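Breakdown of the fold
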Amino acid sequence: MATDGCGVPLDANVSNRPPLYWDLITMSDWQKAEEHVERAGEMVRTGKWKDAERELRRATEIDPNRGEWHALLGSSLDALGRPEEALASIRQAAALMPEELDPLLVAAEISQRLERWEDALEFTERAMDLDNEDDLIHALKISSLAAMSRNEDAEVAYFIAQQSLDMMPRCLIAMGDLQLSQQNLEQADWCYQEAMRQDSSIPRLRTRLASLFAMMGKPQRAFQLHMAELRENPASIDTLLECGSLLITMHRPLEAIEKFRRVLEVEPAHVEAHWRIAQASLDMENFDQALQIINNHEFGNGTSIYTSNGGFARNFMKNVQIGMVGINVPIPVPMAFYSFGGWKGSIFGGHGMHGEEGINFYTKRKTITSRWPDDVASASLNMPTMK
């Protein structure tokens, strides 16, 4: 086995190494590493994940054998939307801390999000060797097996969990998901309802039940469950999207659009939310409802109407709260010869960007009043007065 200069295995936990080991790193390097980690902790608490990543990478370069540092680096990378790199760091943390459960659970969850089901199953089985009485571990195993189409093995894992656990809400959810994928709606309903009875605080449990009710033709009940979930987690993007999509099927487009706009408040560049707003806009019941959607929007750059009805065109032209309006044409592109006409949140300041208003913005006006009498000698220098 490879060892360091102290005769300690290279893969041994740093905390077990003799004091002389720190002399090999040098005390100043150790202090620098700790300072990097301390700063990273502050960055994590304030959501500055990129800065946290930089500090943690510097710390792990000084001492690559601190598992907790790799775990924190993995969490930062995951928060930055880089799950592949996050999984590599968490895997390293799990290797350095073989008796710790948390890195294995995090690695299993990230593997599932990446749809790397074999890896997820490996991590859950290693976690199960450490703790066979954890509901989440059993649930991760059931869902991984189900995703691999090993449905019989998933059911066996569920029954094994029943033998080990008194309360198993997450296992019930995983089994409900499996039953739902097989269109066994009554069995899925029982699983979700029982999970709700055991622990109603599990995130998005209500939304799963809502999806089931929607499939069973009970949209109003599904909507009530979505709203209950949103009262507890008002910024849940997935729940807002699902609730909005349900409202579209219920022919309630204005309420659906309100849900999608709440998604954009949390994540302005969310592509699906923008698409869903467009989809909901196609489901308007009448002209006035469509006009209301446009006028309620925070921006007002441009819009168009395509119609053969002159009355609708005149109504639209007069009442729409938008700066550039097209009638049976796309909105004009704001070129230099066409002054930018955005309203509301689509314009900065009180002037346009192009055309005549742009010239006026950079023009300093001077007003001159003059008079040239024919006879200079008889010219009056008095201020003119009204007679």
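Preceding this paragraph is the structure being described.
What comes next concerns the included structure.

Cut-offs applied
- Residues numbered from 1 in each chain as written.
- Predicted model: local features only at pLDDT ≥ 70, side-chain atom pairs only at ≥ 80, totals over all residues.
- Heavy atoms only, no water.
- Helix = DSSP H or I, 4+ residues; strand = E, 2+ residues; numbered from the N terminus.
- Buried < 20%, exposed > 50% of the residue type's maximum accessible area, 1.4 Å probe, protein only.
- Contact = heavy atoms within 4.5 Å.
- Areas by Shrake-Rupley, 256 points an atom, 1.4 Å probe, with all protein chains shown as cover.
- Pairing = 2+ DSSP bridges.
- Right-handed = clockwise from strand over helix to strand, strands pointing away.
- Phe/Tyr/Trp six-rings, centres within 6.5 Å; stacked < 30°, edge-to-face > 60°.
- Lys NZ or Arg CZ within 6 Å of the ring centre and 35° of its normal.
- Salt bridge = Lys/Arg side-chain N within 4 Å of Asp/Glu carboxyl O.
- Core = buried A, V, L, I, M, F, W, Y, C linked by side-chain atoms within 4.5 Å.
- Axes fitted to C-alpha atoms, helices over the stretch in contact; angles between N-to-C directions.
- Parallel < 35°, antiparallel > 145°, perpendicular 65-115°, else oblique.
- Left-handed = near helix turned anticlockwise from the far one by under 90°.
- Nonpolar A, V, L, I, M, F, W, Y, C, P; charged D, E, K, R; others polar.

Moving on, we come to the overall build of the protein. Per the secondary structure count, the protein includes 19 helices and 4 strands. Residue burial in the protein is summarised as follows: out of 387 residues, 39% are buried. Across the protein, every contact between residues at least 6 apart in sequence was considered, and the portion connecting residues at least 24 apart equals 45%. Taken as a whole, the protein presents about 23,000 Å² of accessible surface, with 53% of it coming from carbon and sulfur.

Bringing the pairing of strand β2 (residues 302-305) into the picture now. Across the two faces of β2 the burial differs, with T303 and I305 buried and G302 and S304 not buried at all. In terms of strand pairing, β2 meets strand β3 (residues 324-327) through 4 bridges, oriented parallel. Bridge pairing in β3 links T303 to V325. Note that the unit made of β2, helix α18 (residues 310-319) and β3 has a crossover that is right-handed.

Evaluated as defined, the whole model comprises 3 aromatic pairs. Measuring from ring centre to ring centre gives 5.6 Å for Y158 and F159, while their planes differ by 70°; the resulting arrangement is edge-to-face. Arranged with centres 5.0 Å apart and planes meeting at 20°, the rings of F287 and F312 form a pair that is stacked. Of the two residues, F287 sits in helix α17 (residues 287-295) while F312 sits in helix α18, which places them 25 residues apart along the sequence. Owing to a relative accessible area of 17%, F287 belongs among the buried residues under this scheme. Its guanidinium or amino end placed over the ring of F223, R252 lies 4.7 Å from that ring's centre, counting from NZ or CZ.

Looking now at the pattern of salt bridges. Scanning the entire structure with this criterion turns up 26 salt bridges. Between D153 and R150 there is a salt bridge, with the nearest N and O atoms lying 3.0 Å from each other. Judged by its relative accessible area of 33%, R150 is partly exposed. One salt bridge connects R262 with E258, and the closest N-O pair in it is separated by 3.8 Å. Taken as a pair, R262 and E258 lie in helix α15 (residues 253-266) at a separation of 4 residues, close to a single helical turn. By relative accessible area, R262 is classed as partly exposed at 22%.

Counting residues in each nonpolar core, the largest one holds 52 residues, and the members touching the most others are I142, Y158, C171, Y192, L205, L209 and L212. When sequence neighbours within four positions are dropped, the list of residues in contact with C171 reads D135, H138, A139, I142, Y158, A161 and L165. By size, the runner-up hydrophobic cluster in this structure holds 24 residues, among which are A33, W69, L73 and F123.

The phi dihedral of Q183 falls on the positive side, at around 65°, and the residue is not glycine. Take Q183: its relative accessible area is 52%, and that puts it in the exposed class. The phi angle at N328 is positive, at roughly 60°, despite the residue not being glycine. Note on placement: N328 falls in the loop between β3 and β4 (343-344).

Look at helix α7 (residues 117-130) against helix α8 (residues 135-147): their axes get within 9 Å of each other, and the N-to-C directions meet at 155°. Here α7 lies roughly antiparallel to α8, going by the angle between them. For the element pair α7 and α8, the recorded crossing hand is left-handed. The residues of α8 that touch α7, namely those facing W117, A120, L121, T124, E125, A127 and M128, are I137, H138, L140, K141, S144, L145 and A147. Classifying every residue of the contact of α7 with α8 by side-chain character gives 9 nonpolar, 3 polar and 2 charged.

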